[in-house]
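Geometric and topological summary
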Amino acid sequence: DTGVSQNPRHKITKRGQNVTFRCDPISEHNRLYWYRQTLGQGPEFLTYFQNEAQLEKSRLLSDRFSAERPKGSFSTLEIQRTEQGDSAMYLCASSQRTGGSTEAFFGQGTRLTVV
Amino acid sequence: GDSVTQMEGPVTLSEEAFLTINCTYTATGYPSLFWYVQYPGEGLQLLLKATKADDKGSNKGFEATYRKETTSFHLEKGSVQVSDSAVYFCAPNNAGNMLTFGGGTRLMVKP
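Here is a short report on the structure shown in this document. (Residues numbered from 1 in each chain as written. Chains lettered and ligands numbered in written order. Predicted model: local features only at pLDDT ≥ 70, side-chain atom pairs only at ≥ 80, totals over all residues. Heavy atoms only, no water.)

Here's the deal with the pairing of strand β7 (residues 65-68) of chain A
All names here are of chain A. As a reminder, the rule being used: Under the scheme applied here, a residue whose accessible area is under 20% of the maximum for its type counts as buried, over 50% as exposed, and between as partly exposed, the area being computed with a 1.4 Å probe on protein chains only. A run of H or I in DSSP becomes a helix once it reaches four residues, and a run of E becomes a strand once it reaches two; helices and strands are each numbered from the N terminus. For two strands to be treated as a pair, DSSP must find no fewer than two bridges joining them.
Alternating positions in β7 separate cleanly, Phe65 and Ala67 being buried on one face and Ser66 and Glu68 remaining unburied on the opposite face. Relative to strand β8 (residues 75-79), β7 runs antiparallel, the two being bridged by four bridges. Looking across to β8, one finds that serine 66 is bridged to glutamate 78. Where β7 folds back on β8, the antiparallel hairpin that results is connected by six residues, among which glycine 72 adopts a positive phi of roughly 70°.

Have a look at this one:
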């Protein structure tokens with residue numbers, strides 16, 4: 001399977017715990033994006049990487065959120081001290097930036113439930 | 001920043017009916033425009049795209065034309081099927097940095 005892979009698919013955690021999600025992009029894709037989607041809403045941009053550099057972060061990404069892409073391949077998104085409002089689907093996408101239009105491919109997402 | 005306005009759903013149609021889902025956007029410059037589809041419990045799949053004015057994107061019977069003068073990218077299909085039931089998202093992409101999504105339009109097709 002050469003698509004974008006996200007793990008785990010589902011995560012239930014208690015409020016106050018830390019969680020970490022992983023995204024494996026399509027190989028050779030140099031851009032990787034994280035989005036958050038709440039029920040009935042469209043995805044909201046969180047952050048993106050070009051190779052290992054984190055180029056942009058949304059204001060939605062509070063201090064409790066951190067994302068890394070250490071070797072320009074897979075990425076992790078960590079949420080510290082989770083809150084009930086963090087419950088959402090976290091989507092990862094990747095694309096190959098070669099100029100002009102860049103088509104992003106999405107993973108199936110990680111659904112986080114904070115209880 | 002970029003923004004998208006989509007018609008609110010749900011849109012409920014009978015099989016073989018004609019579909020239009022309206023999308024208008026605001027963006028600086030000349031963004032590429034995308035329609036993504038999301039089936040229940042799944043991530044987003046690219047449905048079609050257009051990269052410049054008057055381009056028509058098409059896939060699986062769906063079409064959308066990039067209308068720069070009206071900043072619109074309406075999605076159409078001549079004859080919907082039950083399997084088209086999903087949520088559809090319109091999204092401009094400026095300079096390839098990130099997609100800006102609207103709230104999505106849920107389509108329900110009844111047999």
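We are not done yet, so read on.
Considerations on the sheet that holds strand β3 (residues 19-21) of chain B
All names here are of chain B. What counts, and what does not: Whenever a helix is involved, its axis is fitted only over the stretch in contact; in every case the axis is a line through C-alpha atoms, and angles between N-to-C directions fall within 0 to 180 degrees.
Strand order in this open sheet of four strands is β3-β9-β8-β7, and the pairing throughout is antiparallel. On the outer flanks of this sheet lie β3 and β7 (56-59), each paired with one strand and no other. Recorded for the sheet is a direction-independent mean angle of 15° between the axes of neighbouring strands. Looking at chain direction, β7 and strand β8 (residues 62-65) are connected through four bridges and run antiparallel. From the neighbouring strand, asparagine 59 faces β8, where its bridge partner is phenylalanine 62.

Quick notes on the interface of chain B and chain A
What counts here: The contact rule is simple, with two residues in contact once any of their heavy atoms fall within 4.5 Å. The term buried area refers to how much accessible surface (probe radius 1.4 Å) is lost by two components on association, counted for both of them together. N or O atoms within 3.5 Å of each other form a polar contact, as long as, within protein, one can give a hydrogen and the other can take it, and as long as residues adjacent in sequence are counted only when both atoms are side-chain atoms. Gly is put with the polar residues, along with every residue not named as nonpolar or charged; the nonpolar set is Ala, Val, Leu, Ile, Met, Phe, Trp, Tyr, Cys and Pro, and the charged set is Asp, Glu, Lys and Arg.
The interface is formed by 21 residues belonging to chain B together with 21 residues belonging to chain A. Of the roughly 1,600 Å² buried where chain B meets chain A, counting both sides, 48% is carbon and sulfur surface. Interface area lost by chain B to chain A is led by B:Leu44, B:Asn97 and B:Met98, which between them contribute 28%. Applying the counting rule to chain B against chain A returns five residue pairs in polar contact (both at pLDDT 80 or more). If you tally residues by element for the side of chain B that touches chain A, the top one is strand β5 (residues 32-38) of chain B, at four residues. Of the residues that constitute the side of chain B that touches chain A, the class distribution is nine nonpolar, ten polar and two charged.

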